[in-house]
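# Coordinate inspection notes
Chain by chain, the residues run as shown.
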Amino acid sequence: MHNGLDHLFQPLSLRGKTLKNRIFSTGHMAVMLDDGKPSKRMAAYHGAKAQGGAALTIIEAARVHPSGDSGRPAIRAYDKACIPGYAHLAEACQPHGCLVFAQLTHPGREMTLAADGTHPVAYAPSAIPNERFHVMPRQISLRLIDDIIEGFAISSAHIREAGLDGIELVASHGYLLGQFLNPNVNQRNDAYGGNKEKRLQFLLDAIAATRHGAGENMIIGVRLSGEEKDHDGLALDEMLEICTVLDGNSNLDYFNVTVGTSAGLAGSTHIVPPMAYEAAYTLPIAAAIKSRVSKPIFVAGRINQPQLAEQAIKSGQADMCGMTRALISDPQMPAKAQRGDLDDIRACVACNQACIGHMLNAYAISCIQHPETGRELEFGQLTSATTRKRVLVVGGGPAGMKASSIAAMRGHQVVLYDANPVLGGQVNLAQLLPGRAEFGGVITNLKRECEQSGVTIHLNTRVTTTLIEEGNPDIVIIATGATPYQPSITGAEEAHVVSAWEVLQGKANVGRRAVVADWRCDWVGLGLAERMALDGCHVRLAVNGMVAGQTIPQYARDAWLGKLHKLGVEIIPHVRLFGIDAEDAYFQHTLNGEPVILNEVDTLVTALGHAPDTALENALEGLGIPYHVIGDCLSPRTVEEAIYEGLKIAATL
Ligand SMILES: Cc1cc2nc3c(=O)[nH]c(=O)nc-3n(C[C@H](O)[C@H](O)[C@H](O)COP(=O)(O)OP(=O)(O)OC[C@H]3O[C@@H](n4cnc5c(N)ncnc54)[C@H](O)[C@@H]3O)c2cc1C
Ligand code: SF4
C-alpha cells in the first residue's frame, strides 16, 4: 500500500541498473573518514538509509587529485587505499537493494586551510578571487589540467574496483568543474576558455575520463547548479544551454539539479537551504532543465516529505528526489512512506544544526531529532530492557520526551509529567520566532514517538517530591529545563526592561524603539529583532559577539542576516550590557572597555540566555531516590543536547 505515493515507488532504469524507487540521498560530507578513506562508521550510516528503503545513496565528494586536498577531510579517490572503504559502503547498502554512487570533485578556488593549518595554493581557471574564503587562486596550467583529468580516470577505476554502481561529477556549487563553466571565473583564452564551447571542454574531458575509468556498466551523472544565486554566479539561461549540449553526451546518464554556489555567502546558504526557504523551491528550476533534455533529472532542495516528492515525480518536474536531510532525520522514511505510515515519519525541520552544522565545524554529522544518526554503531540496535522498571520523567520538553519514548520502547513503564498544558517546553517559544514555525515539528515528532511507545502523559502537573514519593518509581529522570537568565541590571527599576520570552509570549509592549541585548548570539536575538522590525519597531540588536547569530550554524544564520539588513535592523557587535535608564541603554565594548551608549530607547529586551531549573533536583537530593538529570536543567544548551542526553540515559536503564 503506497498511500497515494504510487509515482514515488515506481522503479527507474538507468544503464541496465534499477533504482527501486525515486528517493535518494545526495552526496554530503559526513565527517566519518578514516584518514581519507570511508570508515566502518560511515558504512553503518549509509547502511541505515539503505535498510530504511532509499533507492540510492550518493557518497560524499571525493578528491580526484592531490592539488584539491585541503584540511577539510575528504576521500582521496585518487589513492587506491580508498578501495576497501568504498567496498564496505557497497556491502552495507547493496544487499538492501540500494544503489551506491561515488562523487568526484576538485574544489578549485574553494579552498579552506590545509591539514597543517597553512594556506594551501588554490587553483582555478583564472586568477580571480573567491569572496567567501578570501582566496586568490593561481591560474591552473594546461599540464595540471591534464593531471586532474587523469585523476578522474584513476579515481573512477578505483571506484569501479570497489563495486559501486555509479559516479557523479560535481560541477555544481562553484567548485572547479563549475568554475570552468562560469565566464566570471574562467577568463582563459585557450582550449578551456574564451567562448561557451571551450568553457565546457574541461567538464567534457572529465566526463570522458570518468567513463574510461568506470567502464561501460557504471552509471555516470553530473551535478549542476541550475542557478548559482550569487553576485557573479551562473544563471538559469546559461545552465539551460550547458545542459542542452551535455544531453547529447552518450557517456552521461543523468543530471542532478541543485542551486547555489560555495563562492559567496548568499549562494552558499542554498547548498543546504534552511527553513527560511520554501520546501521544494528548486523544482521549477529542475523542471526548466527537464523541459530541455531527454536524460533523467535528479533534484534536491528542501524536499522534506514523501508527499512533496510524489508531486514532483507525478507532475513530471523531476525523475528522482534527493531527500538527504529527510533521511538523516528518519532513515526509515521511505519504508514508512511505502507502508502508508506517513504520520510516523520524523520530518526534518531544516534547522541545519546537527547535520550540516556539525559538518561545518568538522564533527560527524547527526540529527538534533534523531541522535542515533551517525551513531549507528552505538545506538543502531537498542536492546529491550532486562528488567521492567517504573520510570518517572519530570518535564515534557525535548529531553524528557526523548528519554520517555526510548525508555518505553525498551519495555519500561514510563510516566511523563509536565507542569504546562502542552508538551514541548521551550520549543513552544522557539516556533514563535518568525519563519521558525517548522521547528515546532520537533514536538509533533516526539509526541508521536511517546504515543507509539506507550508513555503515560500527565499535563498541568507540577511534580514535587511528594508526588514522586507517592509514585514510588524505580528511577526518576529530571528534565525540568531552563528559564530566562535575569541578572540584576543597573538602572532597571527606572526603565522598561522585558525578557525575550515575554515578548514572544505577547506579554510585553516594546514601544517604537527597542534595543535587544543579545548575549547568546543565537536564534533568539535574530528572531526577536526580525519580529519587532516586522511589527514596525526600530530595532538595535546589540550582540556580545562578532556577529549576530555567531553561535548558530552559518547555513541557518546568513539568510537571516540578509533579511535583517533589509528590514533596517541595526546590528551592533562586540558589546556587553552595562545598564539602562529611562532613555538610554549603556553597553561596554568587549574589546576595549569603552562605553557604547544607545540613545532614545523605549524598551530593553534581554536575550541573555537561560538559567537551569534545578529546584526539583535540589529538593530530591538526600531523599535516597535514584535520579538522573538531562537537558537544559543540567546545563542550558540546545534541543540537540537535550534529545541526545534523553537517548543516552534511556538506552542504559
Ligand atoms: C525562543 C527560543 C528559541 C530557541 N531556538 C532553538 C533552536 O532553534 N534550536 C535549538 O536547538 N534550541 C533552541 N532553543 C533552546 C531549546 O528550546 C532548549 O535547549 C530545549 O528546549 C531544552 O530542552 P529541555 O527538555 O531540556 O527543557 P525545556 O524545553 O525547558 O523543557 C522543560 C519542561 O519541564 C517542565 N517542568 C519544569 N519543572 C517541572 C516540574 N517540577 N514538574 C513538571 N514539569 C516541569 C517545563 O514546563 C517544561 O515544559 C530555543 C529556546 C528559546 C527560548
Ligand atoms: S539536524 Fe535539523 S536539518 Fe539536520 S536533519 Fe535533523 S532536523 Fe533536519
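Definitions and limits used
Residues numbered from 1 in each chain as written. Chains lettered and ligands numbered in written order. Predicted model: local features only at pLDDT ≥ 70, side-chain atom pairs only at ≥ 80, totals over all residues. Heavy atoms only, no water. Core = buried A, V, L, I, M, F, W, Y, C linked by side-chain atoms within 4.5 Å. Buried < 20%, exposed > 50% of the residue type's maximum accessible area, 1.4 Å probe, protein only. Helix = DSSP H or I, 4+ residues; strand = E, 2+ residues; numbered from the N terminus. Contact = heavy atoms within 4.5 Å. Pairing = 2+ DSSP bridges. Right-handed = clockwise from strand over helix to strand, strands pointing away. Axes fitted to C-alpha atoms, helices over the stretch in contact; angles between N-to-C directions. Parallel < 35°, antiparallel > 145°, perpendicular 65-115°, else oblique. Left-handed = near helix turned anticlockwise from the far one by under 90°. Domains from an automatic or database assignment. Buried area = accessible area lost by both parts, 1.4 Å probe. Salt bridge = Lys/Arg side-chain N within 4 Å of Asp/Glu carboxyl O. Phe/Tyr/Trp six-rings, centres within 6.5 Å; stacked < 30°, edge-to-face > 60°. Lys NZ or Arg CZ within 6 Å of the ring centre and 35° of its normal.

### Side note on the nonpolar core
Where a protein is soluble and globular, its nonpolar side chains tend to be buried together. Formed by 104 residues in total, the largest nonpolar core has its most connected members in Y86 and L246. With eight residues, helix α3 (residues 142-162) is the single largest residue contributor to this core. When sequence neighbours within four positions are dropped, the list of residues in contact with L246 reads L200, L203, L204, I207, V222, L224, L252, F255 and K295. Core analysis: the second largest hydrophobic core is formed by 38 residues, A407, V427, F439 and C450 among them.

### What to know about the pairing of strand β15 (residues 413-417)
Remember that side chains alternate between the two faces of the sheet whenever the strand is regular. Most of β15 is tucked away: four of the five residues are buried. As paired elements, strand β14 (residues 390-394) and β15 share five bridges and run parallel to each other. The residue bridging V394 from the neighbouring strand is Y417, located in β15. Viewed along the sheet, the connection from β14 through helix α14 (residues 398-409) into β15 turns out right-handed.

### Things to note about the packing of helix α5 (residues 196-214) against helix α6 (residues 236-247)
Packing of α5 against α6 leaves a shortest axis separation of 11 Å and a crossing angle of 50 degrees. Compared by their axis directions, α5 and α6 come out oblique. Pair α5 / α6 crosses with right-handed handedness. On the side of α5, the interface is formed by K196, L200, L203, L204 and I207, while α6 contributes E241, I242, V245 and L246.

### Quick look at the sheet that holds β14
Hydrogen bonds along the backbone pair up the strands of a sheet, which may run parallel or antiparallel. Taken in spatial order, the five strands of this open sheet run β16-β15-β14-β17-β28, and their pairing is parallel. At either end of the open sheet lies a strand with only one pairing partner, and these are β16 (456-458) and β28 (627-629). Each neighbouring strand pair of the sheet contributes to a mean axis angle of 20 degrees, computed without reference to strand direction. When β15 meets β16, the two strands line up parallel, connected through three bridges. By the bridge assignment, Y417 is partnered in β16 with H458. Sheet contacts for α14: β14, β15 and β17 (475-478); angle to β15, the most-contacted strand, approximately 165 degrees.

### Notes on the domain arrangement of the protein chain
Splitting the protein chain by domain gives domain 1 (12-378), domain 2 (385-484 + 612-652) and domain 3 (492-608). Each side of the interface is counted separately: domain 1 has 20 residues, and domain 2 has 18 residues. Of the roughly 1,600 Å² buried at the junction of domain 1 and domain 2 (both faces included), carbon and sulfur atoms supply 48%. Together, M275, I368 and Q369 form the three largest contributors to the area buried by domain 1 at its contact with domain 2, with a combined 32%. Our count for the domain 1 to domain 2 interface comes out at four salt bridges.

### Here we look at the sheet that holds strand β23 (residues 575-580)
Within the open sheet, the three strands sit side by side as β23-β24-β25. Their pairing is antiparallel. The outermost strands of the open sheet, each flanked by one partner alone, are β23 and β25 (595-598). Neighbour-to-neighbour, the strand axes of this sheet turn through a mean angle of 30 degrees, independent of strand direction. Examined bridge by bridge, β23 and strand β24 (residues 585-589) share five bridges and lie antiparallel to one another. Across the sheet, the residue bridging to V575 is H589, located in β24.

### Focus on the pattern of salt bridges
Tallying each qualifying case throughout the model produces 25 salt bridges. For R188, the salt bridge is made with D190, and the minimal N-O distance between the two is 2.8 Å. Beyond isolated ion pairs, a larger network of salt bridges with shared partners links R15, R211, E216 and D253.

### Re the packing of aromatic side chains
Here the distance between the centres and the angle between the planes together describe a pair of aromatic rings. According to the stated counting rule, one finds eight aromatic pairs in the structure shown. Relative to Y192, the ring of F180 lies with its centre 6.2 Å away and its plane at 75 degrees, an arrangement referred to as edge-to-face. Of the two residues, F180 is situated in helix α4 (residues 176-181) and Y192 in the loop between α4 and α5; the sequence distance between them amounts to 12 residues. Classification of Y192 by relative accessible area gives buried; the value is 9%. Every member of this aromatic cluster is reached through a ring pair, and the members are F24, F101, Y254 and F298. Over the ring of Y644 we find R375; its NZ or CZ atom is 3.8 Å from the centre of that ring. A cation over a ring is seen here: R436 above F439, with NZ or CZ 5.5 Å from the ring centre.

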